Amino acid sequence: MKTEEVDFLIIGSGVAGLRAAIELAPYGGVLVVTKDKPNESSTEYAQGGIAAVMSDEDTVGIHLEDTLKAGDGLCREEAVKVLVEEGSERIKELISWGAEFDREGMKLSLTLEAAHSRRRILHARGDSTGKELERVLLKKVLSLKSVRKYPFAITMDLIIKDSECHGAYVVKDGEVIALLAKATILTTGGAGQLFSRTTNPMVATGDGMSIAFRAGALLEDMEFVQFHPTSLYSPTAPQFLLSESMRGEGAVLRNINGERFMERYHPMAELAPRDIVSRAIISEMVRTDSRHVYLDLRHMDKDFVKKRFPAIYATCLRYDVDITSDLIPVSPAAHYIMGGVKTDLDGKTSIKGLYAAGEVACTGVHGANRLASNSLLEGFVYGARAGSAARNTVISPSKSACYDPASGSIPDSEEIRRSLRKIMWEKVGIIRCANSLDEARRALRVHNHILNEDYCRRHELELKNMLTLARIIIEAADMRKGSVGAHYRSDFKDRGPNWNEHIAIDKGIIFF
Ligand code: SIN
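Below is a short write-up of the structure. (Residues numbered from 1 in each chain as written. Predicted model: local features only at pLDDT ≥ 70, side-chain atom pairs only at ≥ 80, totals over all residues. Heavy atoms only, no water.)

1. So, the site of the ligand
By nearness alone, every residue bordering the ligand is listed as G48, E113, H228, L241, S243, E244, R274, H335, R370, A372 and S373. With respect to the ligand, the side chain of H228 contributes an N or O atom lying 2.7 Å from an oxygen atom. At 2.9 Å, a side-chain N or O of R274 approaches an oxygen atom of the ligand. Taken by itself the ligand offers 260 Å² of open surface, and the protein chains cover 94% of this. Taken together, the residues that form the shell around the ligand break down as 2 nonpolar, 5 polar and 4 charged. (Near = heavy atom within 4 Å. Polar contact = N/O pair within 3.5 Å; in protein donor to acceptor, adjacent residues only side chain to side chain. Areas by Shrake-Rupley, 256 points an atom, 1.4 Å probe, with all protein chains shown as cover. Nonpolar A, V, L, I, M, F, W, Y, C, P; charged D, E, K, R; others polar.)

2. Some remarks on the nonpolar core
Counting 104 residues, the largest nonpolar core has L194, L242, M246, I328 and M424 as its most contacted members. Residue contributions to this core peak at 11 residues, all from helix α15 (residues 458-479). Every residue in contact with L242, bar those within four places of it in the chain, is listed here: Q47, H228, T230, S231, L232, L295, I312, C316, I328 and V330. (Core = buried A, V, L, I, M, F, W, Y, C linked by side-chain atoms within 4.5 Å. Buried < 20%, exposed > 50% of the residue type's maximum accessible area, 1.4 Å probe, protein only. Helix = DSSP H or I, 4+ residues; strand = E, 2+ residues; numbered from the N terminus. Contact = heavy atoms within 4.5 Å.)

3. Thoughts on helix α3 (residues 60-70)
Restricting attention to buried positions, one finds in α3 the residues I62, H63, L64, D66, T67 and A70. Residues of α3 that are buried in the fold lie against β3 (50-51), α4 (77-96) and α11 (374-390). Two residues or fewer after α3 comes D72, characterised by a positive phi angle close to 60°.

4. Notes on the sheet that holds β3
Pairing is antiparallel in the open sheet, where 3 strands are placed in the order β3-β7-β6. Looking at strand neighbours, the two that pair on one side only are β3 and β6 (110-111), the edges of this open sheet. Of the strand pairs in this sheet, β6 and strand β7 (residues 121-122) are connected by 2 bridges, and their pairing is antiparallel. Following the sheet pairing, T111 is matched in β7 by I121. (Pairing = 2+ DSSP bridges.)

5. Structural notes on the packing of aromatic side chains
Each aromatic ring pair is characterised by the separation of its centres together with the angle its planes make. Following the criterion strictly, the structure yields 3 aromatic pairs and no others. Between F261 and Y265 the ring centres are 6.2 Å apart and the planes differ by 90°, which places this aromatic pair in the edge-to-face class. Among the aromatic residues, those joined into a cluster by ring pairs are F195, F227 and W425. In this structure, R495 packs its charged tip against the face of W499, placed 4.2 Å from the ring centre. (Phe/Tyr/Trp six-rings, centres within 6.5 Å; stacked < 30°, edge-to-face > 60°. Lys NZ or Arg CZ within 6 Å of the ring centre and 35° of its normal.)

6. Re the pattern of salt bridges
One pass over the structure, following the stated rule, counts 49 salt bridges. A salt bridge links E132 to R135; its shortest N-O distance comes to 2.8 Å. Pair noted here: E132 and R135 are both in helix α5 (residues 129-142), with a separation of 3 residues, about one helical turn. Looking at R135, the relative accessible area reads 34%, which means it is partly exposed. Notably, a salt bridge pairs E460 with R457, separated by 3.3 Å at the nearest N-O pair. (Salt bridge = Lys/Arg side-chain N within 4 Å of Asp/Glu carboxyl O.)

7. Examining the packing of α4 against α11
When two helices pack together, their arrangement is given by the angle between the helix axes and by the axis-to-axis distance. The geometry of α4 relative to α11 is characterised by a closest axis approach of 8 Å and an angle of 90° between their N-to-C directions. Classified by the interaxial angle, the pair formed by α4 and α11 is roughly perpendicular. Along its contact with α4, which presents A79, V82, L83, E86, G87, R90, I91 and L94, the element α11 presents N374, L377, E378, F380, V381, Y382, A384 and R385. Of the residues belonging to the contact of α4 with α11, the class tally is 10 nonpolar, 2 polar and 4 charged. (Axes fitted to C-alpha atoms, helices over the stretch in contact; angles between N-to-C directions. Parallel < 35°, antiparallel > 145°, perpendicular 65-115°, else oblique.)

8. Things to note about the environment of A314
Take A314: it is sitting in helix α10 (residues 310-318). Judged by relative accessible area, which is 37%, A314 ranks as partly exposed. On a C-alpha basis, the gap between A314 and A334 in space is 23 Å, while along the polypeptide they are 20 residues apart.

9. Considerations on the environment of K145
Note that K145 resides in the loop between α5 and β8 (147-150). Sequence separation of K145 and A356 is 211 residues, and the distance between their C-alpha atoms is 24 Å.

Take a look at the structure:
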């Protein structure tokens, strides 16, 4: 088997991965492995922006409080403190690397999103913040001779010896390669593709969480999946995020009868926490027997809307919706997973030599519900911390590795993938109960044989990862017999006993 030795292996090329690579570059060779193009990650698609304390009207204490409140009692306060305290430093660094955030005159233009009590969301190119950040990071990485990108290589599994991580097995151009490393950092992002409605790109199949689980790592808070209230709903258009900052700037929600409804559900109306807005939309859809509601910007200044949301304006127009003059059909969609591979404040997982940062990780900053625009910030703050901690890892490089995966295919894999996504959306989505979770478990159990096979093609590996993670989410959702944050059980509407405990899962707890 082909073997390559590197000092530091980073799996995933979004914000967290690239920021970790920059931190590690002075200390050795860094390899950034990604299964697609280097810029194909959730970062690239982020619209709304990045939250940080950058104005005199705001303080880290208020940002901390807003984050804890959104997290509904389940944030790890010390992790949130690190996030809000180190946030502005990371933003200033980005500006020094050339990031061009939108400004009003000389001042940074700050917008508002749900559950923020101050304007603190920086944005770039109107609604293409992620693209700008990825541009700046990729440019910075390109200037670092010790960082090498390794695109179109999918990770099969981690190399574990004596309970330590020694790198990963990847497949590139059909060949299995053992990448041996002193430290490995997972930054593979989220898992929105597990649900048939999602704002996430095709690459978000939960790979990092699944391979970490197979390696024996501890996962935490996996029942907490955030559903974004507004993604474009049209049978002829792709699912497309309509940023919460549209509501922050004054857009309102209406049911199909044209009535505003959010005031009936929460005093903060359209800017209530996301889980409340998503459930309110579902209630209105059921009440009016409709598959969507509307987002309405018609009362807003047309020139402002076009300038503030240029990418959303252009995309919707392509599908015949003029956001300045039409009602926009929207429905909720899976957006972000608060849970992930459990880490400490330095990105260390439960496996020596393995780190995680960004959406794949669970630092505890998001608790049961993430505050909007805190995720890019988490990627920067915790990507840098994981990089900094990883450089001191003392795993002696392994000299050998052996893996012999079958090159088998999965018959009907497209159909299994489609039905998994439908089951997860319908039975494990915005509203869950014991019956729906059991139905999902039973429907997916028939594919258990896939979990025990080794594959070496992207399509099969992704499906195996999706099935693994789906089962983990179902079990965590079943274990939490109460409703907290984004996890809502119609059979346990109260918080339930021990609601403030975290649910941690590893392969010793779940047997498939
Ligand atoms: C949005 O623009 O609505 C998404 C921002 C986020 O999820 O943090």
